[in-house]
Amino acid sequence: MPKPKKEKLLADHTSLKIGGPVFCWTEPKDIDELLDSVSIARSRKKSILIIGRGCNILAPDNGFDGVVIKLGPGFDYIEREGSEIVKLGAGSSIQDLVARASQWGLGGCEFLAGIPGSAGGAIFMNAGIREKEIKDIILEVEALDMEEGSVMSLKRQEIYFGYRSSGLDGMCILGARIKLNKDKNSAVEKRIEDFIKRREWMRGLGLPSAGSVFKNPNDKNPAGRLIEACDLKGWRIGGAEISNAHANFIVNKGGASSKDVLGLIDLARKSVKEKFGIDLELEIKII
Ligand SMILES: Cc1cc2nc3c(=O)[nH]c(=O)nc-3n(C[C@H](O)[C@H](O)[C@H](O)COP(=O)(O)OP(=O)(O)OC[C@H]3O[C@@H](n4cnc5c(N)ncnc54)[C@H](O)[C@@H]3O)c2cc1C
């Protein structure tokens, strides 16, 4: 039985550094403890929040009155299975995957370089860049159906991956098998460097954020450009600010509340709708 940890603040587990206390915090180390965490929630009629590294989450100031599950050590593994197949636990870091694949001389996941978060979060969000998403390298995903309490293995074709979505709601992703390609280490390293270079502007953020706030409506109208065209760069509410480095990022200048961020989200949405007639859809998950 996992030891429930109380008085945890979501602010300490989200990249935006925002969020209040949780009713119950668990870090199951294996599938049995995970099932226990799910049944604690069910027996107390509490909602469940699966959290990875919290890099795409806006958590409420008054906290979460439910059970938070952060996968523990038994889900943190990256193993080679055959020459081009890699098995990874949902709790492992995407950046560790990029580094490990490069050491093994395996290409195909370089596009993930610089994207923070866990494998579980990346799969749930179908993380990626314009040209490539994590779905493109997935063979199958192992997940726990939290309603049924059953573990299943889903082939990529059975998962409804979309733009920053996977349709895996209600599931706790446990791990995945991905297919990479044998290549020269130097070639893999070079591509990683190139992808990292493309992200150099992010250094200008310099402050906590949760990545892109909105999905891009289409390639011609990236959300950041639309928000910038509404003159909202640098706009501030309380401790939150629409970043001067990229208008689709909201940064925490210090002491920002979830209400401050929601205020900026509302402002950006209304302004873009008024000026361009476009409805911005959220990429970040609001808890
Ligand atoms: C500076 C910065 C840059 C970023 N750049 C990019 C980018 O270029 N491309 C991109 O796609 N994203 C980007 N992001 C967003 C973020 O890094 C990704 O969405 C990442 O995959 C989230 O992983 P996480 O572990 O932090 O997930 P979390 O933020 O913890 O969770 C995100 C969602 O996934 C769910 N979830 C997490 N783990 C599991 C699991 N095991 N089972 C089921 N559901 C789960 C959560 O419930 C939540 O709904 C960026 C974020 C930051 C802060």
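All values derive from a computational prediction rather than experimental measurement.

J.: Before we go on, may I ask you to explain the pairing of strand β9 (residues 150-155) in this structure?
T.: Two elements, strand β8 (residues 138-145) and β9, share six bridges in a ladder whose sense is antiparallel. Looking at the pairing, glutamate 142 lines up with serine 153 of β9. Hairpin geometry of β8 and β9 is characterised by an intervening segment of four residues between the two adjacent antiparallel strands and by a positive phi of about 75° at glycine 149.

J.: What's the story with the domain arrangement of the protein in this structure? I'm lost.
T.: Each assigned domain of the protein is listed with its residue range as follows: domain 1 (10-70), domain 2 (75-198) and domain 3 (204-286). In this structure, domain 2 and domain 3 have C-alpha centres spaced 27 Å apart.

J.: Is there a simple way to think about the site of the ligand in this case?
T.: Around the ligand, the surrounding shell holds 31 residues, and the nearest of these are Gly52, Gly117, Gly120, Gly121 and Gly211. Listed by contribution, the elements that provide at least two residues to the shell around the ligand are α3 (119-125) and β10 (171-179). Top contributing element to the shell around the ligand by residue count: α3, with five residues. Here the shell around the ligand is composed, by residue class, of 18 nonpolar, eleven polar and two charged.

J.: Looking at this structure, I do not really get unusual backbone geometry. What am I missing?
T.: If a residue is not glycine, its phi is most likely negative; likewise, a peptide bond is most likely trans. If you check the backbone angles, arginine 164 has positive phi at about 55° while not being a glycine. Inspection of the secondary structure assignment puts arginine 164 in the loop between β9 and β10. If you check the backbone angles, aspartate 231 has positive phi at about 60° while not being a glycine. Checked against the element boundaries, aspartate 231 lands in the loop between α5 (223-229) and β12 (236-237).

J.: I keep staring at the environment of glutamate 131 and nothing clicks. Help me out?
T.: Relative to the elements of secondary structure, glutamate 131 occurs in the loop between α3 and β8. Judged by local crowding, glutamate 131 falls into the exposed class, with 7 C-beta atoms found within 10 Å. For the pair glutamate 131 and phenylalanine 214, spaced 83 residues apart in sequence, the C-alpha to C-alpha distance is 18 Å.

J.: Any chance you could explain the sheet that holds strand β14 (residues 250-252) here in plain terms?
T.: Within a sheet, neighbouring strands are paired by backbone hydrogen bonds and run either parallel or antiparallel to one another. Ordered in space as β12-β13-β14, the three strands form an open sheet in which the pairing is antiparallel. Both outer strands of the open sheet, β12 and β14, are each paired with one neighbouring strand and no more. Bridge count between strand β13 (residues 240-242) and β14: three bridges; the pairing is antiparallel. Residue alanine 240 lies in a different strand from β14, and its bridge partner there is asparagine 252. Running at roughly 25° to β13, helix α6 (residues 258-276) makes contact with β12, β13 and β14 of the sheet.

J.: Would you mind showing me how to read the nonpolar core here?
T.: A general feature of soluble globular proteins is that nonpolar side chains tend to end up buried together. With 80 residues, the main nonpolar core has Leu58, Leu112, Cys172 and Ile173 as its most contacted residues. It is β10 that provides the largest number of residues to this core, a total of six residues. Residue contacts for isoleucine 173: discarding those within four places in its chain leaves Ala90, Gly120, Ile123, Phe124, Val141, Ala143 and Leu168.

J.: Looking at this structure, how should I read the pairing of strand β6 (residues 85-89)?
T.: In the case of a regular strand, side chains alternate between the two sheet surfaces. Bridge count for strand β5 (residues 78-81) against β6 is four bridges, and the pairing is antiparallel. Bridging from a neighbouring strand, glutamate 79 pairs with lysine 87 of β6. Between β5 and β6, which pair antiparallel one after the other, the connecting turn spans three residues, and glycine 82 there sits at a positive phi close to 80°. For β6 and β10, the ladder comprises five bridges, and the chain directions are antiparallel. The residue bridging leucine 88 from the neighbouring strand is alanine 176, located in β10.

J.: Explanation requested: the sheet that holds strand β1 (residues 22-26) in the structure shown.
T.: The strand order across the open sheet built from three strands is β1-β4-β2, with neighbouring strands paired in parallel fashion. Unpaired on one side and paired on the other, β1 and β2 (48-50) mark the two borders of the sheet. This sheet shows a mean twist of 25° between the axes of neighbouring strands, independent of strand direction. Sheet analysis places β1 next to strand β4 (residues 64-69), joined by four bridges and oriented parallel. Across the sheet, residue cysteine 24 finds its bridge partner in β4, namely valine 67. Contacts from helix α1 (residues 31-43) reach β1, β2 and β4 within the one sheet, and its direction differs from that of β4 by about 165°.

The rules we used
- Residues numbered from 1 in each chain as written.
- Predicted model: local features only at pLDDT ≥ 70, side-chain atom pairs only at ≥ 80, totals over all residues.
- Pairing = 2+ DSSP bridges.
- Helix = DSSP H or I, 4+ residues; strand = E, 2+ residues; numbered from the N terminus.
- Domains from an automatic or database assignment.
- Near = placed C-beta within 6 Å.
- Nonpolar A, V, L, I, M, F, W, Y, C, P; charged D, E, K, R; others polar.
- Buried ≥ 20, exposed ≤ 12 C-beta atoms within 10 Å, placed from the backbone.
- Contact = placed C-beta atoms within 7 Å.
- Axes fitted to C-alpha atoms, helices over the stretch in contact; angles between N-to-C directions.
- Core = buried A, V, L, I, M, F, W, Y, C linked by C-beta atoms within 7 Å.

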